[in-house]
Amino acid sequence: MDSDVVVFGLLEELCRGARERGVARVRIAFAMLDVTARTWVFDPRRPGQLFAPEAPIDVALTLTCRPKTLLRLLATGDSTLGPDEPLLCEGDRGALVVLRDAAAPRRLGPLDVRCL
């Protein structure tokens, strides 16, 4: 199984119930720097899964990084990046608050959008 599938499966589980909690309807894209080069989109408006591989159309923010970097950032809040961990943010960084809220009450790490 590809690493991005594992990471987004974990994020899907963390964010289960987000629609019921009234999470803002903001789309966030995640462009993966791995062998798959897939882009995943978080979309609380989409029926079914919150995260799915698709074209990043009408997104508030696009994060480009490796799957392991994304998981560490979101699960631990550790925003220290090594030289082999590129991270690009394009768009409204404030949109990450929506992702943090989607994971409540399971909680992602202490996500500090100023560090991204």
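Refer to the structure presented above.
Please read these numbers as outputs of a predicted model, since none were measured by experiment.

A.B. asks: Looking at this structure, I do not really get the sheet that holds strand E2 (residues 39-42). What am I missing?
C.D. replies: Sheet strands pair via backbone hydrogen bonds, and the direction of the pair is either parallel or antiparallel. Strands sit in the order E3-E2-E1-E4-E5 across an open sheet of five strands; the sheet is mixed. This sheet does not close on itself; its edge strands, each paired only once, are strand E3 (51-53) and strand E5 (88-91). Strand-to-strand twist in this sheet, taken as the mean axis angle between neighbours without regard to direction, amounts to 20°. In this sheet, strand E4 (residues 61-65) lies alongside strand E1 (residues 28-32) in parallel orientation, the contact comprising five bridges. Pairing of Ala-31 across the sheet is with Thr-64, part of E4.

A.B. asks: Which parts of the structure should I look at to understand the nonpolar core?
C.D. replies: Looking at soluble globular proteins, one finds that nonpolar side chains tend to be buried together. By size, the foremost hydrophobic cluster in this structure holds 26 residues, and its most contacted members are Phe-8, Phe-30, Phe-42, Phe-51, Leu-70 and Leu-99. No other element matches the five residues that helix H3 (residues 96-103) contributes to this core.

A.B. asks: I tried to follow the side chain of Glu-85 on my own but got confused; where do I start?
C.D. replies: Mapped onto the elements, Glu-85 comes out in the loop between helix H2 (67-76) and E5. A polar atom in the side chain of Glu-85 sits 3.4 Å from the side chain of Thr-69. At 2.8 Å, the side chain of Glu-85 forms a polar contact with the backbone nitrogen of Gly-82. Among all residues touching Glu-85, those that are not within four sequence positions of it are Arg-66, Thr-69, Arg-72 and Thr-80.

The rules behind the values
- Residue positions within a chain follow its written sequence, with the count starting from 1.
- In view of the model being predicted, local features appear only for residues whose pLDDT reaches at least 70, and side-chain atom pairs are presented and counted only at 80 or more, with totals across whole chains, interfaces and linings using the full set of residues.
- The side-chain values count all of the structure's non-hydrogen atoms but skip hydrogen atoms and water molecules.
- Should DSSP find at least two bridges between two strands, the strands are regarded as paired.
- Note on conventions: DSSP H or I runs of at least 4 residues are helices, E runs of at least 2 residues are strands, and numbering of each starts at the N terminus.
- Axes here refer to lines fitted to C-alpha atoms; in helices the fit is confined to the stretch in contact. Angles between the N-to-C directions go from 0 to 180 degrees.
- Among buried residues, the Ala, Val, Leu, Ile, Met, Phe, Trp, Tyr and Cys ones that are joined through side-chain atoms within 4.5 Å form a nonpolar core.
- For every residue, the accessible area obtained with a 1.4 Å probe (protein chains only) is divided by the maximum for its type, and the residue is called buried under 20%, exposed over 50%, and partly exposed between those limits.
- N or O atoms within 3.5 Å of each other form a polar contact, as long as, within protein, one can give a hydrogen and the other can take it, and as long as residues adjacent in sequence are counted only when both atoms are side-chain atoms.
- By the convention used here, residues are in contact when the closest approach between their heavy atoms is within 4.5 Å.

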